[in-house]
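In case you want the letters, here they are:
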Amino acid sequence: MAATSELPPAPSFQPRPFLTVPQAEPAKSVSVIGRDLTIAGNLICKGEVQVDGIVEGDIEGSHVVVGEGATVTGSISAEEVVVRGHVVGSVHSKRVMLQTTSEVEGDIYHQSLSIEQGAMFEGKSRRTNEDPRTLMKKSEPIGFALPPRLPELTN
């Protein structure tokens, strides 16, 4: 009696190999605000932001670089901030670097601050052990006073 080896039937479909292989994390991208671009509004980016144009609003990102010809009018909040251009507003970052061509008009909240010779900084430097990004002032509710109460008339 000859033994016949029976193979199990092949599945009707084959799994796609790319679904079973773990995917690598995509490389982090850099968002660039070009020299010819003006943005009026707030920017929120999970990655790096390179500003070479004009931003009239707040910027939030992991790393923010303000290029040499750039102007930012608003606050900047990031893990690391490098300034080569002009910033009018507060900076909240763990590491802040003001390079030679930088002009900053506003307060800097930081854990580490470096200022190169030739950089212009007008404001207060506030070193903190806490994450400076959490120290951003929340907008306070606008207070209001009730008008004086008029005396009631009796008839």
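Fair warning: this is a prediction, and the values are worked out from it, not measured in the lab.

K.L.:
Sorry if this is basic, but what is going on with the nonpolar core here?
P.N.:
Soluble globular proteins tend to pack their nonpolar side chains together in the buried interior. By size, the foremost hydrophobic cluster in this structure holds 22 residues, and its most contacted members are Val 51, Ile 59, Val 66, Val 72, Ile 76 and Val 87. Among the elements that make up this core, the one with the highest residue count is strand S8 (residues 76-83) (four residues). When residues no more than four places from it in sequence are discounted, the contact partners of Val 72 are Val 51, Val 55, Gly 57, Ile 59, Val 66, His 86, Val 87 and Val 88.

K.L.:
What should I look at first to understand the pattern of salt bridges in this one?
P.N.:
Opposite charge on two side chains allows them to pair when their charged atoms are near. Taken as a whole and judged by the stated rule, the model has three salt bridges. Salt-bridge contacts for Lys 94 lead to Glu 79; the nearest nitrogen and oxygen are separated by 3.8 Å. Linking Lys 94 in strand S10 (residues 91-98) with Glu 79 in strand S8, this pair joins segments that are 15 residues apart in sequence. Overall, Lys 94 belongs to the partly exposed group, its relative accessible area being 23%. In this structure Glu 79 comes out as partly exposed when scored by relative accessible area, which is 23%. With a closest N to O distance of 3.0 Å, Arg 95 and Glu 80 form a salt bridge. Residue Arg 95 is found in strand S10, and its partner Glu 80 is found in strand S8; the two are separated by 15 residues along the sequence. Classification of Arg 95 by relative accessible area gives partly exposed; the value is 32%.

K.L.:
Explanation requested: the confidence of the model for the protein in the structure shown.
P.N.:
If pLDDT is low for a region, its predicted coordinates should not be looked at in detail. Across the protein, the average pLDDT comes to 82, with 71% of residues at or above 70. Throughout residues 137-142 the model reports pLDDT below 50, and contacts reaching past four residues in sequence, or to other chains, amount to zero contacts.

K.L.:
Help me understand the sheet that holds strand S7 (residues 71-73), please; the structure alone is not making it clear to me.
P.N.:
Strand pairs in the sheet, formed through backbone hydrogen bonds, run parallel or antiparallel to each other. Here we have six strands laid out as an open sheet, ordered S2-S5-S7-S9-S11-S14, and parallel in their pairing. Since the sheet does not close on itself, it has two edges, and those belong to strand S2 (38-40) and strand S14 (120-122), each with one partner. On average, adjacent strands in this sheet sit at an angle of 5 degrees to one another, irrespective of strand direction. The sheet contact formed by strand S11 (residues 103-105) and S14 spans three bridges and is parallel. Residue pairing across strands places Glu 103 opposite Met 120, the latter belonging to S14.

K.L.:
Looking at this structure, how should I read the environment of Gly 47?
P.N.:
As for its position among the elements, Gly 47 is in the loop between strand S3 (43-44) and strand S4 (48-51). Overall, Gly 47 belongs to the buried group, its relative accessible area being 12%. Distance from Gly 47 to Val 30, taken between C-alpha atoms, is 6.6 Å for residues 17 residues apart in sequence. Residues within four places of Gly 47 in sequence aside, it is in contact with Gly 61, Ser 62 and His 63.

K.L.:
Can you walk me through the pairing of S4 in this structure?
P.N.:
Side-chain positions along a regular strand alternate between the two faces of the sheet. Looking at chain direction, strand S1 (residues 30-33) and S4 are connected through four bridges and run parallel. Bridging across to S4, Val 32 finds its partner in Gln 50. As paired elements, S4 and strand S6 (residues 59-66) share four bridges and run parallel to each other. For Val 49, the partnering residue across the bridge sits in S6 and is Val 64.

Parameters at a glance
Residues numbered from 1 in each chain as written. Predicted model: local features only at pLDDT ≥ 70, side-chain atom pairs only at ≥ 80, totals over all residues. Heavy atoms only, no water. Core = buried A, V, L, I, M, F, W, Y, C linked by side-chain atoms within 4.5 Å. Buried < 20%, exposed > 50% of the residue type's maximum accessible area, 1.4 Å probe, protein only. Helix = DSSP H or I, 4+ residues; strand = E, 2+ residues; numbered from the N terminus. Contact = heavy atoms within 4.5 Å. Salt bridge = Lys/Arg side-chain N within 4 Å of Asp/Glu carboxyl O. pLDDT = per-residue confidence, 0-100. Pairing = 2+ DSSP bridges. Axes fitted to C-alpha atoms, helices over the stretch in contact; angles between N-to-C directions.

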